[in-house]
Amino acid sequence: MLFLAKLFGILTLVWFYLTAKNNNAPVVNWSLIGLIGYWLTWWLAKFLLVVPLADAVPKHSVVEFLLTQMPVVCAVVACYLIRKRLIASVSALQ
């Protein structure tokens, strides 16, 4: 189950690296910001959404799979917003 979380964590790192490179920004800083934002959001979503909902939903394989992937979706959305904010800050400086 955590395969998708790890895969998207690596893809987030690459995504922020390439975005920083295209915007002439510090690539290491942006990559770390993206990675920390991803994993922090993933853990928060897991403990605030998945754990409370685990007892409330039926024990069906599809429902359990979708429920365990909710933190990944939340983390990718948070990374999109973080990336958008970083791009706006670079655009404001130029």
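Below: a short report on this structure. Just so you know, these numbers come straight off a predicted model, no measurement behind them.

**Regarding unusual backbone geometry**
Okay, step 1: Phi at Asn24 is positive, roughly 55°, even though this residue is not glycine.
Okay, step 2: Along the chain, the position of Asn24 falls in the loop between helix H1 (2–22) and helix H2 (27–54).
Okay, step 3: You can call Asn24 exposed: its relative accessible area is 71%.

**Some thoughts on the environment of Leu13**
Okay, step 1: You can see Leu13 is positioned in helix H1.
Okay, step 2: Once residues lying within four places of it in the same chain are set aside, the contact partners of Leu13 are Ser31 and Leu35.

**What to know about the environment of Val28**
Okay, step 1: With respect to the element layout, Val28 can be found in helix H2.
Okay, step 2: Note: C-alpha distance between Val28 and Phe16 (twelve residues apart in sequence) is 9.1 Å.

**Side note on H2**
An α-helix turns once every 3.6 residues. As a result, residues three or four positions apart point the same way.
Okay, step 1: With 28 residues, H2 extends 38 Å from end C-alpha to end C-alpha; this agrees with the ideal 40 Å at 1.5 Å per step.
Okay, step 2: Where H2 bends most, at Lys46, the angle is about 35°.
Okay, step 3: Listed as buried for H2 are Trp30, Ser31, Gly34, Gly37, Tyr38, Trp42, Ala45 and Val50.
Okay, step 4: Among the structural elements, H1 and helix H3 (61–93) are those in contact with the buried residues of H2.

**Regarding the packing of aromatic side chains**
Okay, step 1: Scanning all chains against the criterion turns up five aromatic pairs.
Okay, step 2: Seen from their ring centres, Tyr38 and Trp39 are 4.9 Å apart, and the 85° between their planes marks the pair as edge-to-face.
Okay, step 3: Taking 5.7 Å as the distance between ring centres and 70° as the angle between the ring planes, the aromatic pair formed by Trp39 and Trp42 counts as edge-to-face. Here the residue Trp39 and the residue Trp42 both occupy positions in helix H2, the gap between them amounting to three residues, near one helical turn.
Okay, step 4: With a relative accessible area of 4%, Trp42 lands in the buried category.
Okay, step 5: An aromatic cluster is built from Tyr38, Trp39, Trp42, Trp43 and Phe47, whose rings are joined through pairwise contacts.

Cut-offs used in this document
- Residues numbered from 1 in each chain as written.
- Predicted model: local features only at pLDDT ≥ 70, side-chain atom pairs only at ≥ 80, totals over all residues.
- Heavy atoms only, no water.
- Helix = DSSP H or I, 4+ residues; strand = E, 2+ residues; numbered from the N terminus.
- Buried < 20%, exposed > 50% of the residue type's maximum accessible area, 1.4 Å probe, protein only.
- Contact = heavy atoms within 4.5 Å.
- Expected span 1.5 Å × (residues − 1).
- Bend = angle between axes of the 7 residues up to and from the residue.
- Phe/Tyr/Trp six-rings, centres within 6.5 Å; stacked < 30°, edge-to-face > 60°.

Such coordinate-based values are descriptive only and should not be taken to indicate function.
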